[in-house]
Amino acid sequence: MKHASKPFPQSGRRSFDVIVIGAGAAGMMCAATAGLRGRSVLLVDHATRLAEKIRISGGGRCNFTNRRVSADNYLSRNPHFSRSALSRYGARDFIELVEHHGIAYHERDWGQLFCDDSAQDIIDMLRARCDDGGVEWAMPATVEGVARSGDEAERFVVATTQGSFSAHSLVIASGGLAIPKIGATPFGYRVAEQFGLPVVAPRPALVPLTLPPETLALLAPLAGISLEVGAQCRGPVFREAALVTHRGLSGPSILQVSSYWQQQAYDAGDWAPVSLDLLPGVDAEDWLLAHAQDKTLLANLLAERLPRRFAHAWCELHDWQRPLNQYRHAELRTIAAALSGWQLTPSGTQGYAKAEVTLGGVDTRALSSKTLEAREVPGLYFIGEVVDVTGHLGGYNFQWAWSSGVACGLAA
Ligand code: FDA
C-alpha cells in the first residue's frame, strides 16, 4: 500500500523560538545574534560544507566589509531601505568583532578589508558565535516544505529530511542564485511567493559582460589585457581596471557597471549602452589636438597611454587607421569623444555561473527596514542577498548580510 506523504508530522516535532534557513553569511550572523539574546535557534542548510560562498570570497581571503559603507553603495528599488540596518550595525561594528576574535586583516584600494590569512577565519568566527549562542544545526538537511501552523506560539512549521520543526519566527537567509554549483537555489523567492510577498525579478549582477560578434572578433584575441577605465551606465562612474576576456569584458569596473546595465535594462525595457572612458583623467581632445600635425599613426599615439595591441584593435574597430595629420580637427574631436566615452552595447552577461551576486529579490516594500520582518506575515523574515538589496563590489554585500542579519537577530 502506498503511504500518503506527511510533510508536517505533529508528533516528535521539535520546537524553537527561531528557525533560520540558510547558514551563510546572513543566516549565521542572525542565528548567533538571536541565540546570544537567549532565543532557542535552529539553523537549517542543505549544503554539506559550511558557508562555501564565504570560503571562496575575495579570492579566498574574504573582502568582509568596507571602511566606507553607505546606502549609496547599494542598488534596490528602494534606495533608502538599507539605511536603517546599516546604521544599527555598520562596518565599524563588524571590524570590532573581527579584531575581538584576533583575525588579522589588511586594507586594499577603496577601503576594502580582507583577511590576511583565509576566509575560513570569518567562518570559524561565525561558527564560534553560533556555538556561544547555543544554536542547534540541521545540516545537511533538505527543506521539504514550510507552512503556517495556526498556533500563535509556534507560528511556522518546517519539514526537512532531518525531521519536522516548529518556531515562533522563521528567517529566510537562503541567498541568491549566483554560483548554483555550490548550492544557490531560488528557495527564498518561492517562500516569498508562497506567502504572497512580491519579488523583484532576479538577475545576475557583478557579472562579466559578453560582446556582440563584430566587437568580439577584434577584442577576443586580446584576452588577458587589462586597462584602467572609467565605466558608467547611467549610474556612478567606476574608475578601476577592465579586463578583455574571450567572451567580452570583465574586471572590477565592468563587474560594477554590470549591475547598473542590468537594472536599466530591467526598468526601461531596453539595453542601455555601457560607456567606457579609456583615458580617465586625461583631456582626450586637448591631447589629440596637440598632436594634430604628427605623421604618426593614431594607434601609435594611443599606445602611449593604452596597451599597444588594444590601441591598434580599437582603431581598427572604428576604421581610424590613418596618421594623425590626415584627420581634420572635427574628426579628431569625434575620436576624442569616443576615447572618453566608448559606447558599448553588451550582448548579455556570463550569467549566474560567473555572477557574484543576484540583483532583485524579495521586494523591500513588503519588509520592515528595521527588522526585515514581512509586513503582512508576522514572524516571517528575509535577510541577506535574497532581499532586493545588492551591493557594489568591495565588501558591501557581506556588510549587508551582517547588518540585515543583526537587525533580524535582535527582533526575531
Ligand atoms: P549565502 O549565499 O552566503 O548563504 C545562503 C545559504 O543558504 C547557503 O549556505 C546555501 O547552502 C543555503 N541554501 C540555499 N538554498 C537552500 C535551500 N533550498 N535549503 C537549505 N539551504 C539553502 N561579497 C563581499 O562582500 N565580498 C567578497 O569578497 C565577495 N566575494 C564573492 C566571491 C564569489 C565568487 C561570490 C559568488 C560572491 C562573493 N560575494 C562577496 C558575495 C557574497 O558572497 C554574498 O553576497 C553573501 O554570501 C550573501 O550572503 P547570504 O547569507 O545572503 O547568502
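Residues numbered from 1 in each chain as written. Predicted model: local features only at pLDDT ≥ 70, side-chain atom pairs only at ≥ 80, totals over all residues. Heavy atoms only, no water.

As recorded in an unreviewed UniProt entry, the chain goes by NAD(P)/FAD-dependent oxidoreductase and comes from Thauera mechernichensis.

**Considering the site of the ligand**
What surrounds the ligand is a group of 29 residues, the closest being Ala26, Asp45, Thr185, Glu385 and Phe398. Its free accessible area being 1000 Å², the ligand has 91% of it covered by the protein chains. Elements that contribute at least two residues to the shell around the ligand include exactly helix 1 (25–36), helix 2 (52–56) and helix 13 (396–409). Classifying every residue of the shell around the ligand gives 12 nonpolar, 13 polar and four charged. (Near = heavy atom within 4 Å. Areas by Shrake-Rupley, 256 points an atom, 1.4 Å probe, with all protein chains shown as cover. Helix = DSSP H or I, 4+ residues; strand = E, 2+ residues; numbered from the N terminus. Nonpolar A, V, L, I, M, F, W, Y, C, P; charged D, E, K, R; others polar.)

**As for the sheet that holds strand 17 (residues 342–344)**
The sheet built from seven strands is open, its strands ordered 17-16-13-14-15-12-18 with antiparallel pairing. Strands at the two margins of the open sheet, each flanked by one partner only, are strand 17 and strand 18 (348–349). Here two bridges tie strand 12 (residues 209–210) to strand 18, and the two strands are oriented antiparallel to one another. Residue pairing in the sheet places Thr210 in a bridge with Gly348 of strand 18. Helix-sheet contacts for helix 11 (residues 308–318) involve strand 13 (226–232), strand 14 (238–244) and strand 17, and the interaxial angle to strand 17 is about 75°. Across the face of the sheet, helix 12 (residues 329–340) comes into contact with strand 16 (274–277) and strand 17 while running at roughly 105° to strand 16. (Pairing = 2+ DSSP bridges. Contact = heavy atoms within 4.5 Å. Axes fitted to C-alpha atoms, helices over the stretch in contact; angles between N-to-C directions.)

**So, the domain arrangement of the chain**
Segmentation of the chain into domains returns domain 1 (13–203 + 353–409) and domain 2 (209–349). A C-alpha centroid distance of 38 Å is found between domain 1 and domain 2. Listed per partner, the contact involves 10 residues of domain 1 and 14 residues of domain 2. Taking both partners together, domain 1 and domain 2 bury about 1100 Å²; carbon and sulfur atoms supply 59% of that area. Contact with domain 2 buries surface across domain 1, with Leu75, Arg203 and Leu393 losing the most and accounting together for 44% of the total. (Domains from an automatic or database assignment. Buried area = accessible area lost by both parts, 1.4 Å probe.)

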